[in-house]
Amino acid sequence: MFENLTEKLTGILNKLTSKGRLTEKDIDEALGMVRRSLLEADVNFRVARDFVAAVKERALGSDVLESLTPGQQVVKIVHEELTSLLTGGEHRLMPSSQPTNAVMLVGLQGSGKTTTAAKLALSLRRQDRKALLIAADLRRPAAIQQLETLGKQLDIPVYSEDPASSSVVQVAKNGMKRAEELGVHWAIVDTGGRLQIDNELMKELEEVKAAISPQEILLVVDAMTGQDAVNAAEGFHEKVSLTGLIMTKMDGDARGGAALSVTRVTGVPIKYMGVGERPDALELFYPDRMASRILDMGDVLTLIEKAQESVDENQAKEMERKFREASFDLEDFLTQIQAVKKMGSLSQIMEMIPGMGQMSSKLKAGALDDGQIERVEAIIRSMTREERQKPEIINGSRRRRISRGSGTTPQDINQLLNQFRQTQKMMRQLSRSRNPKNLMSLFR
Ligand SMILES: Nc1nc2c(ncn2[C@@H]2O[C@H](COP(=O)(O)OP(=O)(O)O)[C@@H](O)[C@H]2O)c(=O)[nH]1
Ligand SMILES: [Mg+2]
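Given the structure is predicted, the values throughout are model-derived calculations rather than measurements.

### Quick look at the site of ligand 1
Here's step 1: The environment of ligand 1 is made up of 17 residues, and the closest members are Gly110, Lys113, Thr114, Thr115 and Asp251.
Here's step 2: The contact in question runs from an oxygen atom of ligand 1 to an N or O atom on the backbone of Lys113, over 2.7 Å.
Here's step 3: One of the backbone nitrogen or oxygen atoms of Lys249 is found 3.0 Å away from an oxygen atom of ligand 1.
Here's step 4: Protein chains bury 80% of the 580 Å² of accessible surface belonging to ligand 1 in isolation.
Here's step 5: When residues of the shell around ligand 1 are assigned to their parent elements, the largest contribution, 4 residues, is made by helix 5 (residues 113–126).
Here's step 6: Its residues assigned to classes, the shell around ligand 1 comprises 2 nonpolar, 10 polar and 5 charged.

### Notes on the packing of aromatic side chains
Here's step 1: Counted by the stated rule, this structure contains 0 aromatic pairs.
Here's step 2: Of note, Arg92 hangs over the ring of Tyr286, and the distance from its end group to the ring centre comes to 4.7 Å.

### Some words on the packing of helix 3 (residues 45–61) against helix 4 (residues 70–86)
Here's step 1: For the pair helix 3 and helix 4, interaxial distance at closest approach is 10 Å and the crossing angle is 140°. Between helix 3 and helix 4, the angle falls in the class oblique. Along this stretch, helix 3 crosses helix 4, giving a crossing that reads as right-handed. Here Val47, Phe51, Ala54, Val55, Arg58 and Ala59 of helix 3 lie close against helix 4, whose contacting residues are Val74, Ile77, Val78, Glu80, Glu81, Leu82 and Leu85.

### Let's talk about unusual backbone geometry
Here's step 1: A positive phi angle, close to 60°, is found at Asp128, a residue other than glycine.
Here's step 2: Counting through the fold element by element, Asp128 comes out in the loop between helix 5 and strand 2 (131–136).
Here's step 3: A relative accessible area of 68% places Asp128 in the exposed class.
Here's step 4: Phi at Asp155 takes a positive value of approximately 60°, unusual for a residue other than glycine.

### Regarding the sheet that holds strand 6 (residues 244–248)
Here's step 1: Strand order in the open sheet made by the 8 strands is 3-2-4-1-5-6-7-8, with mixed pairing throughout. Pairing within the sheet leaves two strands with one partner each, and these edge strands are strand 3 (158–159) and strand 8 (282–284).
Here's step 2: Both strand 1 (residues 101–106) and strand 5 (residues 216–222) contribute to a ladder of 4 bridges, which runs parallel. Within the sheet, the bridge partner assigned to Val103 lies in strand 5 and is Glu216.
Here's step 3: Lying on the sheet, helix 9 (residues 227–240) is in contact with strand 1, strand 5 and strand 6; it crosses strand 5 at an angle near 160°.

### Considerations on the nonpolar core
Here's step 1: Formed by 104 residues in total, the largest nonpolar core has its most connected members in Ile188, Met247 and Met250.
Here's step 2: Per-element tally for this core: the top contributor is helix 4, with 7 residues.
Here's step 3: Mapping this core onto the domain boundaries places at least three of its residues in each of domain 1 (3–86) and domain 2 (101–293).
Here's step 4: Residue contacts for Met247: discarding those within four places in its chain leaves Val221, Ala223, Ala258, Ala259, Val262, Ile270, Tyr272, Met273 and Gly274.
Here's step 5: Core analysis: the second largest hydrophobic core is formed by 14 residues, Met383, Ile402, Ile413 and Phe420 among them.

### A few points about the pairing of strand 6
Here's step 1: Along strand 6, 5 of the 5 residues are buried, which leaves the element largely enclosed by surrounding structure.
Here's step 2: Here strand 6 shows two buried faces, one formed by Gly244, Ile246 and Thr248 and the other by Leu245 and Met247.
Here's step 3: Bridging between strand 5 and strand 6 involves 5 bridges; their strand directions are parallel. Following the sheet pairing, Val220 is matched in strand 6 by Ile246.
Here's step 4: Running through helix 9, the crossover from strand 5 to the neighbouring parallel element strand 6 is right-handed.
Here's step 5: Strand direction decides the pairing type here: strand 6 and strand 7 (residues 270–274), joined by 3 bridges, are parallel. Residue pairing in the sheet places Met247 in a bridge with Met273 of strand 7.
Here's step 6: Once you follow strand 6 into helix 10 (residues 257–266) and on to strand 7, the crossover reads as right-handed.

### A word on the packing of helix 4 against helix 11 (residues 287–294)
Here's step 1: Viewed as axis vectors pointing N to C, helix 4 and helix 11 meet at an angle of 130°, and their least axial separation amounts to 8 Å. Classified by the interaxial angle, the pair formed by helix 4 and helix 11 is oblique. In the crossing of helix 4 with helix 11, the sense of the turn from one axis to the other is right-handed. Within the contact between the two elements, helix 4 uses His79, Leu82, Thr83 and Leu86 and helix 11 uses Pro287, Asp288, Met290, Ala291, Ser292 and Ile294.
Here's step 2: Of the residues in the contact of helix 4 with helix 11, the class split is 6 nonpolar, 3 polar and 1 charged.

Cut-offs applied
- Residues numbered from 1 in each chain as written.
- Chains lettered and ligands numbered in written order.
- Predicted model: local features only at pLDDT ≥ 70, side-chain atom pairs only at ≥ 80, totals over all residues.
- Heavy atoms only, no water.
- Near = heavy atom within 4 Å.
- Polar contact = N/O pair within 3.5 Å; in protein donor to acceptor, adjacent residues only side chain to side chain.
- Areas by Shrake-Rupley, 256 points an atom, 1.4 Å probe, with all protein chains shown as cover.
- Helix = DSSP H or I, 4+ residues; strand = E, 2+ residues; numbered from the N terminus.
- Nonpolar A, V, L, I, M, F, W, Y, C, P; charged D, E, K, R; others polar.
- Phe/Tyr/Trp six-rings, centres within 6.5 Å; stacked < 30°, edge-to-face > 60°.
- Lys NZ or Arg CZ within 6 Å of the ring centre and 35° of its normal.
- Axes fitted to C-alpha atoms, helices over the stretch in contact; angles between N-to-C directions.
- Parallel < 35°, antiparallel > 145°, perpendicular 65-115°, else oblique.
- Left-handed = near helix turned anticlockwise from the far one by under 90°.
- Contact = heavy atoms within 4.5 Å.
- Buried < 20%, exposed > 50% of the residue type's maximum accessible area, 1.4 Å probe, protein only.
- Pairing = 2+ DSSP bridges.
- Core = buried A, V, L, I, M, F, W, Y, C linked by side-chain atoms within 4.5 Å.
- Domains from an automatic or database assignment.
- Right-handed = clockwise from strand over helix to strand, strands pointing away.

Keep in mind these values describe shape, not function.
See the structure below:
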């Protein structure tokens, strides 16, 4: 996600931080490039313009240029402004006093509503919130079946009716009744979509809305459609008053423009994002973490959460402690690699590790393949326990032994150790900050 944008922004900002002193002209030039990168990423031009203006005002208005680390101050401002760009109201599902609430998913055909309905139910179950899926897309008989299949796979109940003798409003109402009987916290209503916004569709959605008064109306938008996604969001919001957005297909080569513009344009917060086809490929949306990812400052918190889902809880707690204390060794690295394999796509995981975002685009370009991961695993396996815990003892002869044992070259081993040292350094800096959530401390 966002590889191109990340590469460009980090390039521009690294150049700034490498200079000791900055002039107004330096800032102007850098921000001009930032603006161009945003436009190339398909960010709405007004959003890009205002963003750059806000950064510039802050960068020139305060003592940034006089500070000892002007470049880093600018990075900090860019991070904060990106966070603010992505922030809009309540980013979590809104709780209510009722025991059973409805979330209605709306969107254009193919945006990912049905898939996301199932993902959302699964994600809620992981937080001990039960859900019922309601199949209220009667346009295509296959849609009901698709939801039923997903429900069966994930062991989540699905409410449906024979489309020949029912209506969307009926299904929604009866589905809510069933949800109350079952005592589930959330009824997730999957609705039909069209290729374009049309009156008939909007009327149908308004009727469902009136019939069940959903707590949440979430628009499911395909991030790959760029500015069209933003236009769709404006259209839906006008008709049915959205409470939030779910950006899907963020795993694809979406340039990022939609995600970066949509909240500023509509005022509606992104609540989740879809990052793959698998049922567990749905992530909560956190503006600050996303800003960190875009600037390749990593997203260690999401990484830890992912690990918690795939590693058992004690192991994850231990891992988190090690992250914080920076006592993470190669042994843990190996455990992590194995957990990562369970978590799914490696490139997604890498995006969350500080400084590794660039690696992830290489991975996608095929330069870093699963074979290389196997190699890393083989290298660590060929090390003694002591070497894994104290990699600094690995000297020339140990290096040769390890490379023979793992069928790799001493260069491969150096490379791995360098990477590992970098990661460790990041963690140490991270743990030194009072608030480990504050990744910006890495830059102070
Ligand atoms: N790669 C990827 N594919 C997705 C994601 N969400 C949905 N899809 C795919 O998009 C296609 C359309 O999804 P579907 O849920 O049927 O869309 P609907 O018409 O809005 O209900 C399916 O092939 C999904 O697997 C996502 O986050 N990432
Ligand atoms: Mg569907």
